[in-house]
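The lines below spell out each chain.
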Amino acid sequence: MMPELGKYAVEVVSAYGVSLLLLAALVGLTLYRGKYARAALRTAEREVKTDS
Amino acid sequence: MSIWSYANPVKFLALSARVQPALWGAAALCVSVGLIWGFFGTPDDARQGSTVKIIYLHVPAALMAINAWFMMLVASLIWLIRRHHVSALAAKAAAPVGAIMTLIALFTGAVWGQPMWGTWWAWDPRLTSFLILFLFYLGYIALWEAVEDPDTAADLTSVLCLVGSVFAVLSRYAVNFWSQGLHQGTSVPVATGGRTVADVFFYPLVVSMLGFGLLFIALVFYRTGTEISLRRAAALRARADRGL
């Protein structure tokens, strides 16, 4: 299934590996921070309602 | 309905929630198809061998690195002229995405350049302006974090964005201004036509470019929602602290 990459296999595989890792980290951190922010907003809204 | 109505955070979040599932789905599909097609389904190039497969990462990432800065420029101008908070937050949300795209373009360019040019790096006009663009991204992100007052941070980062736009333009057109560089001109000139990439490489490249573009839009929508939530939570906490 793996294509024959010849003498440039290291270059091609490392380009794909590092790029996909960076994209995955970007998406993962984005979703993690989004969850944190939305939870913080819900908590703040609950506190304001309780106070009033 | 005017486009300016989406400057209202509530309306923006409603729009964002409506379009995001389709955006994420289309982005995942196009990125997967483009990269799998490019990696597994295309032949080696006669001169570049298998390194031609790096094009499906390098070109879309470079394209988005520059276009992300232009999107930030437009959002910054809207902030400076019309003072819409959502536009300032959208620019802030786009910066880390643009920085990662620039990093991918620089890394894949170096890995591609070593076997083809015989060097990882050269102080070529396009490469150098791209490195400076990356440093501008880092400076822009750092400036947002360094300034406590959000409106002042938005003002200062907008000015920085205007200055950095010079390098975003240079990174795209440097090869036209100076011809002594190692980096070739665009192989897919949209405006003038006359592409030099064969169909077998071109079609997966288009799918990959579309995927990276959709991924950028999906990420910016989601991250802008995150910034709005954080801003609103901080405002509510400040109001509670003041006892209002």
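Residues numbered from 1 in each chain as written. Chains lettered and ligands numbered in written order. Predicted model: local features only at pLDDT ≥ 70, side-chain atom pairs only at ≥ 80, totals over all residues. Heavy atoms only, no water.

1. Looking at the overall build of chain A
Looking only at helices and strands, one finds 1 helix and 0 strands in chain A. Against the 2.2 N^0.38 benchmark of 10 Å for 52 residues, chain A shows a C-alpha radius of gyration of 22 Å, more extended than a compact globule. Each principal axis of the C-alpha distribution contributes one length, and for chain A these read about 70 × 20 × 5 Å. When the 52 residues of chain A are sorted by exposure, 31% land in the buried category. Counting every atom, chain A has about 3,600 Å² of accessible surface; 66% of that belongs to carbon and sulfur. Charge separation in chain A, taken as the distance between the mean sites of 7 positive and 5 negative side-chain charges, equals 5 Å. (Helix = DSSP H or I, 4+ residues; strand = E, 2+ residues; numbered from the N terminus. Rg over C-alpha atoms; globule rule 2.2 N^0.38 Å. Buried < 20%, exposed > 50% of the residue type's maximum accessible area, 1.4 Å probe, protein only. Areas by Shrake-Rupley, 256 points an atom, 1.4 Å probe, with all protein chains shown as cover. Lys, Arg positive; Asp, Glu negative; His and termini not counted. Charge placed at Lys NZ, Arg CZ, Asp CG, Glu CD.)

2. Considering the overall build of chain B
Secondary structure summary: chain B contains 6 helices and 0 strands in total. Ordered by position from N to C terminus, the α and β elements of chain B give α-α-α-α-α-α. Per-residue burial over chain B gives 50% buried out of 244 residues. Taking all contacts inside chain B whose residues are at least 6 apart in sequence as the whole, residues at least 24 apart take part in 76%. (Contact = heavy atoms within 4.5 Å.)

3. Considering the packing of aromatic side chains
This model, assessed by the stated rule, comprises 9 aromatic pairs over all chains. Three or more aromatic residues link up through ring pairs in this structure, and these residues are B:Trp69, B:Phe136, B:Tyr137, B:Tyr140 and B:Phe167. (Phe/Tyr/Trp six-rings, centres within 6.5 Å; stacked < 30°, edge-to-face > 60°.)

4. Comments concerning the interface of chain B and chain A
The partner chain A presents 32 residues to the 42 residues of chain B that form the contact. Between chain B and chain A we count 1 salt bridge in total. In this structure, the salt-bridge partner of B:Glu227 is A:Arg33, at a minimum N-O distance of 2.7 Å. Counting the contacts that link chain B with chain A gives 6 residue pairs in polar contact (both at pLDDT 80 or more). Secondary structure elements with two or more residues in the side of chain B that touches chain A: helix 1 (9-40), helix 2 (55-82), helix 3 (85-117) and helix 6 (199-241) of chain B. Broken down by element, the side of chain B that touches chain A gets its largest block of residues, 16 residues, from helix 6 of chain B. Of the residues that constitute the side of chain B that touches chain A, the class distribution is 25 nonpolar, 10 polar and 7 charged. (Salt bridge = Lys/Arg side-chain N within 4 Å of Asp/Glu carboxyl O. Polar contact = N/O pair within 3.5 Å; in protein donor to acceptor, adjacent residues only side chain to side chain. Nonpolar A, V, L, I, M, F, W, Y, C, P; charged D, E, K, R; others polar.)

5. Structural notes on a nonpolar patch on the surface
Taken together, the side chains of A:Met1, A:Met2, A:Val13, B:Ile36 and B:Phe40 make up a nonpolar region of the molecular surface, amounting to roughly 570 Å² of accessible area. Take A:Met2: it is sitting in the segment before helix 1 (9-51). On the basis of relative accessibility, which here comes to 53%, the residue A:Met2 falls in the exposed class. (Patch = residues over 30% accessible without salt bridge, like charges linked within 9 Å, V, L, I, M, F, W, Y side chains within 5 Å.)

6. Brief notes about the pattern of salt bridges
Side-chain pairs of opposite charge can arise where the charged atoms are in close proximity. In this structure the tally under the stated criterion is 3 salt bridges over all chains. Linked through salt bridges whose partners overlap, the residues forming this network are A:Arg33, B:Lys92 and B:Glu227.

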